[in-house]
Amino acid sequence: QVQLVESGGGLVQAGGSLRLSCAASGRTFNSYASGWFRQAPGKEREFVAAISWNGGRTLYADSVKGRFTAVRDNNKNTVYLQMNSLKPEDTAVYCCAAHRAFSTVVAGGGDYWGQGTQVTVSS
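Residues numbered from 1 in each chain as written. Predicted model: local features only at pLDDT ≥ 70, side-chain atom pairs only at ≥ 80, totals over all residues. Heavy atoms only, no water.

Take the state of the cysteines next. Under the criterion given, the structure shown has one disulfide. Free of any disulfide, Cys95 has its nearest neighbouring cysteine sulfur in Cys96, separated by 7.0 Å. Given the relative accessible area of 11%, Cys95 is considered buried. (Disulfide = S-S within 2.5 Å. Buried < 20%, exposed > 50% of the residue type's maximum accessible area, 1.4 Å probe, protein only.)

This is the structure we're talking about:
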């Protein structure tokens, strides 16, 4: 069993930065790929980024490529999403997910999901 808890969201001006954290419980977390997703009001949840179990592989949505970076520290059972050059359209609830298969995370699947953290970018 893996439990995920996100933190680090908040209000930031356009052009600013935030770092989200996804802390996991469970000793097997370092064998799971992880993903970040976001959902804005009135919109469907969308894929943001994925990172493999050892951090060796990452994939990003085109809308965040070059601005967001996913990293992980398996010693701390934590996955991070560094968000730079934030735009108002990045405003959403961001949540993390975990699954053993990287491809499943990319496709929007996850065995485990966090509850999310709000990111608001003002113009």
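What follows deals with the side chain of Arg38. In this fold, Arg38 is placed in strand 4 (residues 33-39). Judged by relative accessible area, which is 5%, Arg38 ranks as buried. Of the polar contacts made by the side chain of Arg38, one reaches the side chain of Glu46; its length is 2.5 Å. (Helix = DSSP H or I, 4+ residues; strand = E, 2+ residues; numbered from the N terminus. Polar contact = N/O pair within 3.5 Å; in protein donor to acceptor, adjacent residues only side chain to side chain.)

A general tendency of soluble globular proteins is for nonpolar side chains to be buried together. Ranked by internal contacts, the top residues of the largest apolar core, which has 38 residues, are Leu4, Trp36, Val48, Phe68, Leu81, Met83 and Tyr94. Only strand 3 (18-25), strand 4, strand 5 (46-51), strand 7 (68-73), strand 8 (78-83), strand 9 (92-99), helix 1 (102-106) and strand 11 (117-122) provide two or more residues apiece to this core. The element contributing the most residues to this core is strand 9, with six residues. Those residues within four positions of Trp36 in sequence are excluded, and the remaining contacts are Glu6, Leu20, Ser21, Cys22, Phe47, Val48, Ala49, Val79, Tyr80, Leu81, Cys95 and Cys96. (Core = buried A, V, L, I, M, F, W, Y, C linked by side-chain atoms within 4.5 Å. Contact = heavy atoms within 4.5 Å.)

Let us now look at the environment of Tyr80. Following the sequence through the fold, Tyr80 ends up in strand 8. Considered as a pair, Tyr80 and Ala50 are 30 residues apart in the sequence and their alpha carbons are 11 Å apart. If we skip the residues at most four places from it in the chain, Tyr80 touches Arg19, Leu20, Ser21, Trp36, Thr69, Ala70, Val71 and Asp73.

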